[in-house]
Every structure is written in C-alpha cells, then in structure tokens.
Amino acid sequence: MDVTTWHNAPRTGGIGLDPQTLARRFTAGGTIQELTSPSSQVNANQVFRVWREPDSVVLKVYGSSSRQRRELHALNALADWGHTPEILDSGSTGGLNWIVFVDAGKDRKSVG
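Note that the structure is predicted; figures quoted are calculated from it, not measured.

**As for the overall build of the protein**
Working step 1: A tally of helices and strands in the protein yields 2 helices and 5 strands.
Working step 2: Reading the protein from its N terminus to its C terminus gives the helix and strand order α-β-β-β-α-β-β.
Working step 3: Relative to its full complement of 112 residues, the protein shows a buried share of 35%.
Working step 4: In the protein, the share of contacts with a sequence separation of at least 24, taken over all contacts with a separation of at least 6, comes to 53%.

In structure tokens, the structure reads:
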C-alpha cells in the first residue's frame, strides 16, 4: 500500500489541485480539519490540521510562492529568539506552495 506523507508527496504535477485535495493527500488515511474560514479572496492562504496516527500536524497552503518565501524568511530570521513554529517540511505540489508545522495545539483526543 502506498502512503503519501509530507516527506514523499509529489512535488510537481497535479494540474487543478486545490488546497483541500492537497491536505487529504497528506492525511495518509487520516482526517483533516480546515482551520481558516472559506474565503472568496483569490489565492488566500489556507490552514489545515491533518491527523495521522499517532499525532497531528498543521499544513499551511499559500496562495503564492512569494507568500511562502516571505514566511519562511521571517521564521528563519526569528528562529534564534525561540517560540516560533517548528517546520517539519515545505515544498510545492501541483502549483500549491505549502509548509508543514508541528501541531502545538489540539491532540486527536480533544476533538469531538
């Protein structure tokens, strides 16, 4: 059985891929929770909590490569100060730019 993780998700292709489909690819059979409100804004960033056994991660899908690049730059610049989100992986899949963070929020047991 092939399992897609943030480490082996395809980095290119997937014409017409939307953020929800990308989040489902990262679940490896788990579930997703959209943390941002649906927006009619073109190229809005979207954030998902992605549950996979044994824990969850946060997937942020950027509306453009420049938004992802700016956030990575800011997080790297602030890293020495501490208390910044821990980045597990980042990349681009099907024209969507994304970063996977450690989930500092809920665990699976607290979701009803």
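**With respect to the environment of S66**
Working step 1: Of note, S66 is situated in helix α2 (residues 65-78).
Working step 2: A relative accessible area of 24% places S66 in the partly exposed class.
Working step 3: With 31 residues separating them in the primary sequence, S66 and N97 have C-alpha atoms 9.2 Å apart.

**Describing the sheet that holds strand β4 (residues 87-93)**
Working step 1: If you trace the 5 strands from one edge of the open sheet to the other, you get β1-β2-β3-β5-β4, paired in antiparallel fashion. Each having just a single partner strand, β1 (31-34) and β4 make up the two edges of the open sheet. Neighbouring strand axes in the sheet, compared pairwise and without regard to direction, differ in orientation by 25° on average.

So, how was this worked out
Residues numbered from 1 in each chain as written. Predicted model: local features only at pLDDT ≥ 70, side-chain atom pairs only at ≥ 80, totals over all residues. Heavy atoms only, no water. Helix = DSSP H or I, 4+ residues; strand = E, 2+ residues; numbered from the N terminus. Buried < 20%, exposed > 50% of the residue type's maximum accessible area, 1.4 Å probe, protein only. Contact = heavy atoms within 4.5 Å. Pairing = 2+ DSSP bridges. Axes fitted to C-alpha atoms, helices over the stretch in contact; angles between N-to-C directions.

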